[in-house]
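Geometric and topological summary
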Amino acid sequence: MNDVTRKELNAVSAAGQASAYIGTSVSRPNARRHLEGRGTYVDDVVLARMAHVVFLRCPLAHARIGRIDADYARSMPGVIAIVDGKQIAAICSPWVATLAHLPGMKSPPQYPLAIERACWQGEPVLAIVAETRQQAEDALQMVNVDWEELPAVADMETALAPDTPVIHPELGDNLCFRKTIDTGNVDAAFAAADLVVEETFRFGRHTGVTMETRSVLADFDPAERKLTVYHSHQAPHMMQDLYARHFDLPETSVRVICKDVGGSFGIKVHSYPDDFATVALSILLKRPVKFVADRLESFVSDIHAREHVVKLRLAAKSDGEILAFDMIDLTGVGPYSVYPRTSAIEGNQVLNIVGGPYQHKEYRATLDVVFQNKAPTSQYRGVGHPIACAVTEGIVDAAAVKLGIDPLEMRRKNVMPDDSFPRSGASGIKLERLSHQQCLDKLEKLMDYPALRREQSRLREQGIYRGIGIAVLIELTNPGAAFYGVGGARIAAQDGATIRFEPTGTVTCLVGVGEQGQGTETIFAQIAADAVGVPMECVKVVTGDTEVTPYGGGTWASRGAGIGGEAVLQAGLALRENLRKLAGIVLKRDVAELDIARGHVVDRASGERLVELAELGRIIHFRPDTLPPGPLPELVVTRTYAQRDYPFAFTNGVQASYVEVDVETGFVKLLKHWAVEDCGRILNPMLVDEQMRGAIVQGIGGALFEECLYDSNGLLTNGSMADYLVPMASEMPDIVLAHVETPTATSQLGAKGAGEAGTAGAPAAVMNAINDALSPFKVSVTSQPITPEKILRALGTI
């Protein structure tokens, strides 16, 4: 970290003490706890009189619920209760997942358990509660339900056809949401173009496969009418608000605790029907009730994402200048919009981000979000970015091929220049500072692009088909209220941090943003240590408990470092100032002469250590009688931060993939992957690289392997780990990373997000690489995941 950065953060003493952690690769302090098996996940929490619930789920895509025969099941050992949707609805109000800033959006009321009719395979219908999970599972097998199968809407491309059944007749049709962006002169731009390229891109729906499945433990205390919920979740304060409102409880009577969370990826940022049902059961039965999803039911109950068909046109001049994009995006979201973030945000993101890195002036895009009888879809890691990046970069590559322009040079010609910011994109997005040109230059050197092209050409002469794919991207991070708050959703745009000075001279940092495995606790400890002036081992970080942490939005949309971290920085700097004032009182020195470094009060000019913070702690806590009369500085400081100067803080980057395609089998071998990322100020290079590599692997999963396959009746056919393919370590390439730092000026910390850029760019880079390898055969594949079968079909060999 350079001297300018140190001055900006005011977090290192003028005496030059080596106390800076921000910008260094610090190992995770909580790693040893996890390695020792001391993590505490929801299933590790055991309470007195705790019961277990399993859910009978609809086996059909659309069905009327007839007679339920559960008499024998009720008599089985350990069974406590069998509860249906009407009983739950008596104490839990339904929800409608729409947002006011998405005009015209509609969705029907949804209940925790289906009443009279189930609308997707996997919708919970009946709750079986028993003393143990095994007893509940045994009883579940003895419940008989008369199902009346109803017509299912399985194909989103016919969802709006006149002869397609309407899933919710009261809504009039199967359209959830429609939106259009039009700059006004798109047709003129296409008429003036030397080249028009048109392509249809298809994306298979897939889901996040978290190491820890969704889980919830609800404990309602009827004596005090207080509800405590242990959750594997990303947004504890959001869930506190939802439980309070839908169970008619004061918010102060609801506590949500998120201890260790075994991965999220957006899967755990939503509310689910079985969450509300579990809470309702605890209230009805007046005892703790635990639900832990098994892996099979996760495939049909967790949200899915990414099912899109995109038709895109690009207009360009003969020299490669891009004039306009024209897009139609269709996405299917299941029978209900997911609460409270809705199921329209992913498509809305695609509309906003397509063409994002480029300086074209004309843009037209239409989005149709339709209902279908499949598992609901909603926000999943990247939220629209992988689709927007893939279609943009795919058609830019297609245009470059037709014009005979090198793909790298095509992008150099069209990206927004680094010195052109701040500015707006054609879709209307506001961009503060990006570094496309620097990233492209660094990528070219990082991968030795000219040498790689020469190698590719030489190998083609030997019948070995390798391809190079490039993808430029932007990523939305640090969202403000524009994401949800303006639409009426009570999802906090701000986050807070409280830092408390302890008698031992250590500090405790309490933050609303939680730890999901991404290293949040580590960077908060780094920031707090630098801001206050203490060794990092003297910082204790507490997250994920609505009763003790400041109110905040939680972790999603790559906001943890940029928003939560800024709150920590400001709280730490304020506490540091207070400790300097306290030291001035104790030492009878001018505050301007003092600073804090490495857990000591030091002379600002000489760096001489004057007193340990532990001694200050002893005096202020146990011997304040020795201090002069008058108020003393506060030892507990809380600060909040929200992104307000821009709706979001956009990051940018560029990725490249090098692959080999076996044209006889259709198999793709990933040889190497490069990424240059600009996430603003880098707080911990090791953690950023971990995030990038993990996200790239997840993006490759969507590009090559992952897809939830449904039959024509709307039934999932590969809902197990035996059939649903995920990327494996042996299949992944070496991933080489580099960075450009363009700090955001909207915060003192300067950090943007880094959690989703890898997922955003990898599918586009891999797709372009595969198509580059296939270019000698004049064919391409634009349907993801790109399977051997699809490649062979494109080649005409099957």
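Counting restarts for each chain: residues are numbered from 1 in the order of the written sequence. With the structure being a predicted model, the display of local features is reserved for residues of pLDDT at least 70 and the display and counting of side-chain atom pairs for 80 or more, all residues being used for whole-chain, interface and lining totals. As a rule here, side-chain values cover all heavy atoms of the structure and leave hydrogens and water aside.

Notes on the layout of surface pockets
Worth spelling out the cut-off: A cavity here means a set of 1 Å grid points, computed over protein atoms only, where a 1.4 Å probe fits but cannot escape. A pocket is an open set with protein on both sides within 12 Å along at least 5 of 7 lines, and lining residues have an atom within 4 Å of a point. Grid points are joined across faces, edges and corners, and a volume is the space filled by probe spheres set on the points. In this description a helix means any DSSP run of H or I spanning at least four residues, a strand means any run of E spanning at least two, and both kinds are numbered starting from the N terminus. Polarity classes work like this: nonpolar for Ala, Val, Leu, Ile, Met, Phe, Trp, Tyr, Cys and Pro, charged for Asp, Glu, Lys and Arg, and polar for all others, with Gly in that last group.
Empty space within the second largest pocket amounts to approximately 590 Å³. Among the elements of the structure, strand S8 (195-203), helix H11 (385-403), helix H14 (449-460) and helix H19 (757-774) are those that each provide at least two residues to the lining of the second largest pocket. Residue contributions to the lining of the second largest pocket peak at five residues, all from H11. The residue makeup of the lining of the second largest pocket, split by class, is eight nonpolar, eight polar and nine charged.

Here's the deal with the packing of aromatic side chains
Note the following rule: In this analysis, rings of Phe, Tyr and Trp, with Trp reduced to its six-membered ring, are considered paired at centre separations within 6.5 Å, and the interplanar angle assigns stacked below 30 degrees, edge-to-face beyond 60, and tilted for intermediate values. Between buried and exposed lies partly exposed: a residue is buried under 20% and exposed over 50% of the maximum accessible area for its type, with that area taken using a 1.4 Å probe on protein chains only. As a reminder, the over-ring test applies to NZ of lysine and CZ of arginine, requiring each to be within 6 Å of the ring centre and within 35 degrees of the ring normal.
Following the criterion strictly, the structure yields 14 aromatic pairs and no others. Centre to centre, the rings of Phe483 and Tyr484 are 4.7 Å apart; their planes meet at 15°, and the pair counts as stacked. Residue Tyr484 is classed as buried on the basis of its relative accessible area, which comes to 3%. Site record: aromatic cluster; members linked through ring pairs are Trp95, Tyr243, Phe247, Phe276 and Tyr339. For Arg214, the ring lying beneath its charged end belongs to Tyr272, and the centroid distance is 3.8 Å. Between the NZ or CZ atom of Arg341 and the centre of the ring of Trp556, over which it lies, the distance is 4.6 Å.

Some details on the confidence of the model for the protein
The test is simple: A score from 0 to 100, pLDDT tells how confident the predictor is in each residue. Should any heavy atoms of two residues lie within 4.5 Å, those residues are considered in contact.
Taken over all residues, the pLDDT of the protein has a mean of 96, while the share at 70 or more is 98%. With pLDDT under 50 throughout, residues 1-8 is counted as low confidence; its partners more than four residues away or in other chains account for 11 contacts. Throughout residues 10-19 the model reports pLDDT below 50, and contacts reaching past four residues in sequence, or to other chains, amount to 30 contacts.

A look at the packing of helix H7 (residues 236-246) against helix H8 (residues 273-285)
Let me state the cut-off plainly: With axes taken as lines fitted to C-alpha atoms, and helix axes fitted only over the stretch in contact, angles between N-to-C directions fall between 0 and 180 degrees. Angles are sorted into four bins: roughly parallel if under 35 degrees, roughly antiparallel if over 145, roughly perpendicular if 65 to 115, and oblique for all others. Here a crossing is taken to be left-handed if its near helix is turned anticlockwise relative to the far helix by less than a right angle, and right-handed if that turn runs clockwise.
Two elements in contact, H7 and H8, have axes whose closest approach is 11 Å; the angle formed by their N-to-C orientations is 60°. It follows that H7 is oblique to H8 by the angle criterion. Between H7 and H8 lies a crossing of right-handed hand. For the pair formed by H7 and H8, the contact residues are Met239, Leu242, Tyr243 and His246 on the first element and Asp275, Phe276 and Val279 on the second. The residue inventory of the contact of H7 with H8, partitioned by class, reads five nonpolar, one polar and one charged.

Quick look at empty space enclosed by the protein
Applying the stated criterion across every chain yields a total of eight cavities of 30 Å³ or more. By volume, the largest cavity amounts to about 110 Å³. Around the largest cavity, the lining is made up of 14 residues, and of these His206, Arg306, Pro386, Gly702 and Pro763 lie nearest the centre. Considering every element that reaches the lining of the largest cavity, the biggest residue donor is helix H18 (residues 685-705), with four residues. Residue composition of the lining of the largest cavity, grouped by class: six nonpolar, seven polar and one charged. Approximately 90 Å³ is the volume found for the second largest cavity. Contributing to the lining of the second largest cavity are Trp95, Gln110, Trp120, Ser271, Tyr272, Pro273, Ser301, Ile303, Ser337, Val338, Tyr339 and Pro376. The residue makeup of the lining of the second largest cavity, split by class, is eight nonpolar, four polar and no charged.

Examining the pattern of salt bridges
Stated precisely, the cut-off is as follows: A side-chain nitrogen of Lys or Arg and a carboxyl oxygen of Asp or Glu constitute a salt bridge if their distance falls within 4 Å.
Per the stated rule, a full pass over the model turns up 50 salt bridges. A salt bridge links Arg133 to Glu297, with the shortest nitrogen-to-oxygen separation between them at 3.6 Å. In this pair, Arg133 is assigned in helix H5 (residues 133-140) and Glu297 in helix H9 (residues 295-301), connecting sequence segments 164 residues apart. Glu297 gets classed as buried once you look at its relative accessible area, which sits at 11%. Its salt-bridge partner being Arg313, residue Asp326 comes within 2.9 Å of it at the nearest N-O pair. In this pair, Asp326 is assigned in strand S16 (residues 322-332) and Arg313 in strand S15 (residues 308-316), connecting sequence segments 13 residues apart. The class of Asp326 is buried, set by a relative accessible area of 12%.

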